[in-house]
Amino acid sequence: MREPPGLRRGLAEAALTPGPERVEWNLARFAHLLRMAGLRVSSAEVLDAAKALCLVGVAHRDRVKASLRATLIKSGQDVPLFERAFDLYFVPVEDKRARAEFYRRQREEQARRRRRAGQELVFQTQPLDLRPEQLDVYLRLGEEGQRRLRDFLDQSSSGALVEARHRSLVENIVRGHLDRHRRETGAPTGDEELDALADEVRVESEADPLLYQDLQGLEGPELDRAVALVRRLARRLATRISRRYRLTRSGTQVDFRRTIRRNIRFGGIPLRLAHRRRRVKRPRLVLVADVSGSMARYSRFVLQFLYGLASVVACIESFAFSERLERLTPHFARGRPFARTMAAVMGQSQIWGGGTDLAAALETLETRYAGKLTPDSVLVVVSDTKTVHPQAAAALLDRVGRRVKDVLWLNTLPRAEWRELASVRAFQACARMYECNTLAHLEQVITRQMLS
Amino acid sequence: MAGGGEEEVERLAYSLEWLRSAFEKDGYIAGEETLVSVYLSLRLGKPLLVEGPPGVGKTELAKVLARSLDTELIRLQCYEGLDENKALYEWNYQRQLLRIQLARTGGEGEQDLFAEEFLLERPLLRAIRAERKPVLLVDEVDKTDEEFEAFLFEVLSDFTVSVPELGTLRARQIPVVVLTSNNERELSDGLRRRCIYLYIDFPTVEKEVRIIRSRAPEVAEELGREIAQTVHYLRSQLEVTRRPSIAETLDWARALVALDVDRLSDEHLGRTANLLLKSRDDLELLRQEIGARGILGKARGDA
């Protein structure tokens, strides 16, 4: 493709006269804003966008938007973020002036705060030598972080062995700390307008916070929303499962026996080739979910999830247990709506909300459903590990674990509490254990551990 | 000399306005975004990657584009297990064998078994070797596996194909490429980066009314609006597993005209819902909704 004639000249001019009125200048800044908001925009794409603007012109806002959207973003999920950033960045001239005024004032305010920060960060009453960006990072550390840094300076300023020449050492430590923090949180540009916009865009586009909440604490409408979210999650994952494990390559190997047989009618000349198909094994999942009293809130989601997966993928065996084990697979037959499935499960089952006896459940699994425990299956236990006879259960799990490919344990207790529980330690010895009490955990475990 | 190349540039120098009227003449109602993206893809010579839910007219876009440019549409339908043999070229093995047999019995001299006459052109090679700049539609590219995607990426980057027995085949002209995806699998960054991106969502009520009026002129204005509102409501408010496509909306509209309906009611909807929703669960859900609160009133209010 030839370069549009105006482009080179335009870019050259832009280089000579940088300023807010130039299209290229705005384009580059806008691209940077998108990057700060977390999109990956390469220079090649910015160049495409520039060419596009040369072709389409900048007279119509809609067209400018469409051109930038077509060239700068490459995925449907980035669309809302783009829309938001565009609306924030490309505003009418009056708004832009008002905004410039606002940012000027903010800049002054920032300078004041920086001076104050400079006075706070002292070594033996002498201010440290820090760059303005480093002071900005300090200001963004929050109350707690700032206090810790000040405490560190206080402690290292006093003491019998501290001398004035230690100053550069302390200075370096503080700088290093601030710089690391700056790298981790994404470096601001030092351009207040862009930084503020980036913050706004980021806030708007955060993923659904529901994903990160402990499921146990959800109430009312949030609960309904979470259920809908689980269903979507399951459907998305299910397409992925069925996709990944289907036959990917039609047979490339020639099957000689069948080829010869098929070609006898052509006098043995192999006109029609027969191919041997490679059989692909799908992983089988055997899910054992704890539905005892302590787990009641989670089981609902787990079941919802199982239902979603099982309705699309056929290779999942589901069991529920409290004091006893029950097979749920027949209830998850294809095509029945969730509410009815749940009614059927709950209506016929007597194990909901009971105590927990994993040992008994595993024993039933081993004796009655031994056929399901094959060397290519993965056993997944969903439970908070609070069971009677944990040692016996662990021994049994170890034995069952030898018959399957892998044992995963999704623990609904927060990881921080694991260390104090003997039962967790006992089960950790014979299963890979993952924390799983939010939807985000659930998704992560399923994609990373069960499907890979 | 103003050769074919010049002419080509001339032809593609069509303006945005020309594209708009060409699409409209064909009955394809496109928003500003779609038009600008298609236009940019033509002018910048980059593939157009179209994403969106099933049934919003992604494939149709390529067909309309081919008709507008008055050129051939070459379609490569992707599926799992699609490989180079089926996408690019294959040697006509049977014909080669026959030639060997003939040579043996007829005593003809040795002939080149890997000449062009034995080459079976598959869509990609056909697009590259076409006399006139064709529109190459790579449909549902997300259904292929990663290896094929990488291969496709390579072909779309330099438009040359090397056939070991024949040498390198270069494109006579770069085809207009349209890729569609339902987002079943994340496409690679490389492929995305090469493309102009277009996301098509389900149309607004206004736009769908225009689509209905343009594709099914026998539907009266009033009825068309009610149909669009109802379908919009079903798509946005009801938790159906498969949202009705635009084609289904049109089928439904035509069906209603055939049944002499001129004002839509819940009863009509109930009786003809199987044209819009095609699974038992969804239909049941709809019946419950009609029974509980009625849909039409709410759809009107919603719009």
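Keep in mind the model is a prediction, meaning the values are calculated, not measured.

**Q** Tell me about the overall build of chain B, and name the residues and values.
**A** The helix and strand tally for chain B stands at 15 helices and 9 strands. A buried classification covers 51% of the 303 residues belonging to chain B. Approximately 14100 Å² of chain B is accessible, and the part contributed by carbon and sulfur atoms is 48%.

**Q** Lay out the overall build of chain A with the relevant residues and their values.
**A** Within chain A, the secondary structure is distributed over 18 helices and 10 strands. Counting all 452 residues of chain A, 45% fall into the buried class. Once local pairs closer than 6 in sequence are excluded, the contacts in chain A between residues at least 24 apart make up 69%. Working note: accessible area of chain A is about 24400 Å², and carbon and sulfur atoms make up 52% of it.

**Q** Could you give me a rundown of the nonpolar core, with the residues and numbers involved?
**A** Membership of the largest hydrophobic core comes to 63 residues, with the highest contact counts inside it found for A:Phe30, A:Leu34, A:Leu68 and B:Leu179. When residues of this core are assigned to their parent elements, the largest contribution, 7 residues, is made by helix H5 (residues 79-89) of chain A. B:Leu16, B:Ala30, B:Leu65 and B:Leu137 belong to the second largest nonpolar core, which has 33 residues in total.

**Q** Describe the interface of chain B and chain A, listing the residues and the values that go with them.
**A** In this complex, chain B contributes 42 residues to the contact, which on the side of chain A involves 40 residues. Interface area for chain B against chain A, summed over the two sides, is near 3500 Å², with a carbon-plus-sulfur share of 49%. The three residues of chain B that bury the most area against chain A are B:Glu80, B:Arg193 and B:Tyr197, which together make up 19% of that side's buried surface. Our enumeration of links across chain B and chain A arrives at 6 salt bridges. A:Arg63 is the partner of B:Glu17 in a salt bridge, and the nearest nitrogen-oxygen pair spans 2.8 Å. Put simply, chain B and chain A have 12 residue pairs in polar contact (both at pLDDT 80 or more) between them. Looking at the side of chain B that touches chain A, the element that brings in the most residues is helix H3 (residues 32-44) of chain B, giving 8 residues. Tallied by class, the residues present in the side of chain B that touches chain A amount to 12 nonpolar, 7 polar and 23 charged.

**Q** Mind laying out the pattern of salt bridges, listing which residues take part and the relevant values?
**A** Opposite charge on two side chains lets them pair, provided their charged atoms get close. All chains considered together, the criterion is met by 47 salt bridges over all chains. A salt bridge links B:Arg254 to B:Asp251, with the nearest nitrogen and oxygen atoms 4.0 Å apart. Separated by 3 residues within a single helix, B:Arg254 and B:Asp251 lie in helix H12 (residues 246-258), roughly one turn from each other. Classification of B:Arg254 by relative accessible area gives partly exposed; the value is 34%. Sharing partners across several salt bridges, the network here consists of A:Arg61, A:Lys65, A:Arg69, A:Glu83, A:Asp87 and B:Glu33.

**Q** Give a detailed account of helix H4 (residues 61-72) of chain A, specifying residues and quantitative values.
**A** Taking 1.5 Å per residue, 12 residues should reach 16 Å; H4(A) reaches 16 Å between its end C-alpha atoms and fits that length. Most of H4(A) sits out of view: 10 of its 12 residues are buried. Taken residue by residue, H4(A) has A:Arg63, A:Val64, A:Lys65, A:Ala66, A:Ser67, A:Leu68, A:Arg69, A:Ala70, A:Thr71 and A:Leu72 as its buried positions. On its buried face, H4(A) is in contact with helix H2 (23-36), helix H3 (43-56) and H5 of chain A together with helix H2 (16-25), H3 and strand E9 (196-199) of chain B.

**Q** Please set out the sheet that holds strand E8 (residues 377-383) of chain A residue by residue, giving values where relevant.
**A** Residue and element names in this part refer to chain A. Sheet architecture is open: 6 strands sit in the order E7-E6-E5-E8-E9-E10, paired in mixed fashion. What marks the edges here is a single partner per strand, and that holds for strand E7 (325-327) and strand E10 (432-435). Between one strand and the next, the sheet's axes are offset by a mean angle of 20°, whatever the strand orientation. As judged from the 4 bridges shared by strand E9 (residues 406-411) and E10, these two strands associate in the parallel manner. Its bridge partner lying in E10, tryptophan 409 is registered against methionine 433.

**Q** For the pairing of strand E6 (residues 316-321) of chain A, give the residues involved together with the corresponding values.
**A** All names here are of chain A. Counting buried positions along E6 gives 6 out of 6 residues, so the element sits mostly inside the fold. Of the two faces of E6, the one carrying Ile316, Ser318 and Ala320 and the one carrying Glu317, Phe319 and Phe321 are both buried. For strand E5 (residues 284-290) and E6, the ladder comprises 6 bridges, and the chain directions are parallel. Bridging across to E6, valine 286 finds its partner in glutamate 317. Pairing analysis gives 3 bridges linking E6 to E7, with the strands arranged antiparallel. Considered in E7, the bridge of phenylalanine 321 is made with leucine 325. Hairpin connection, E6 to E7: the antiparallel pair is bridged by 3 residues.

**Q** Would you mind going over the packing of aromatic side chains in detail, with residue names and values included?
**A** For any pair of aromatic rings, the description consists of the separation of the ring centres together with the inter-plane angle of the planes. Residue and element names in this part refer to chain A. Counting across every chain of the model gives 13 aromatic pairs over all chains. Aromatic pair phenylalanine 86 and phenylalanine 90: ring centres 4.7 Å apart, planes at 35°, arrangement tilted. Each member of the pair, phenylalanine 86 together with phenylalanine 90, is buried. Here the aromatic residues Phe30, Phe82, Phe86, Tyr89 and Phe90 are joined through ring pairs into a cluster of three or more.

**Q** Go over the sheet that holds E9(B) with me, naming the residues and quoting the values.
**A** All names here are of chain B. Spatial ordering of the open sheet is given by E2-E5-E8-E1-E9, a layout of 5 strands whose pairing is parallel. Each edge of the open sheet carries a strand with a single partner, namely strand E2 (73-77) and E9. Averaged over all pairs of adjacent strands, the angle between their axes in this sheet comes to 20°, without regard to strand direction. Taken together, the 4 bridges between strand E1 (residues 48-51) and E9 define a ladder with parallel strand orientation. The residue of E9 that forms the bridge with valine 50 is leucine 198. Lying on the sheet, H3 is in contact with E1, strand E8 (176-181) and E9; it crosses E9 at an angle near 160°.

**Q** If you had to explain the side chain of B:Thr272 to someone new, which residues and values would you point to?
**A** Residues and elements named next belong to chain B. Structurally, threonine 272 can be placed in helix H13 (residues 266-272). Of the residues examined, threonine 272 reaches a relative accessible area of 6% and is grouped as buried. Here histidine 268 takes part through its backbone oxygen, which lies 2.7 Å from a polar atom of the side chain of threonine 272. Residues within four places of threonine 272 in sequence aside, it is in contact with Trp252, Leu256 and Leu259.

**Q** Mind laying out the confidence of the model for chain B, listing which residues take part and the relevant values?
**A** Residues and elements named next belong to chain B. Scored by pLDDT, chain B comes out at a mean of 85, with 93% of its residues at no less than 70. Looking over chain B, one finds the lowest element-wise mean pLDDT in helix H1 (residues 4-12), namely 46, and the highest in strand E5 (residues 135-139), namely 95. For the stretch residues 1-10, pLDDT sits under 50, and the model shows 2 contacts to residues farther than four places along the chain or on other chains.

Rules and cut-offs
- Residues numbered from 1 in each chain as written.
- Chains lettered and ligands numbered in written order.
- Predicted model: local features only at pLDDT ≥ 70, side-chain atom pairs only at ≥ 80, totals over all residues.
- Heavy atoms only, no water.
- Helix = DSSP H or I, 4+ residues; strand = E, 2+ residues; numbered from the N terminus.
- Buried < 20%, exposed > 50% of the residue type's maximum accessible area, 1.4 Å probe, protein only.
- Areas by Shrake-Rupley, 256 points an atom, 1.4 Å probe, with all protein chains shown as cover.
- Contact = heavy atoms within 4.5 Å.
- Core = buried A, V, L, I, M, F, W, Y, C linked by side-chain atoms within 4.5 Å.
- Buried area = accessible area lost by both parts, 1.4 Å probe.
- Salt bridge = Lys/Arg side-chain N within 4 Å of Asp/Glu carboxyl O.
- Polar contact = N/O pair within 3.5 Å; in protein donor to acceptor, adjacent residues only side chain to side chain.
- Nonpolar A, V, L, I, M, F, W, Y, C, P; charged D, E, K, R; others polar.
- Expected span 1.5 Å × (residues − 1).
- Pairing = 2+ DSSP bridges.
- Axes fitted to C-alpha atoms, helices over the stretch in contact; angles between N-to-C directions.
- Phe/Tyr/Trp six-rings, centres within 6.5 Å; stacked < 30°, edge-to-face > 60°.
- pLDDT = per-residue confidence, 0-100.

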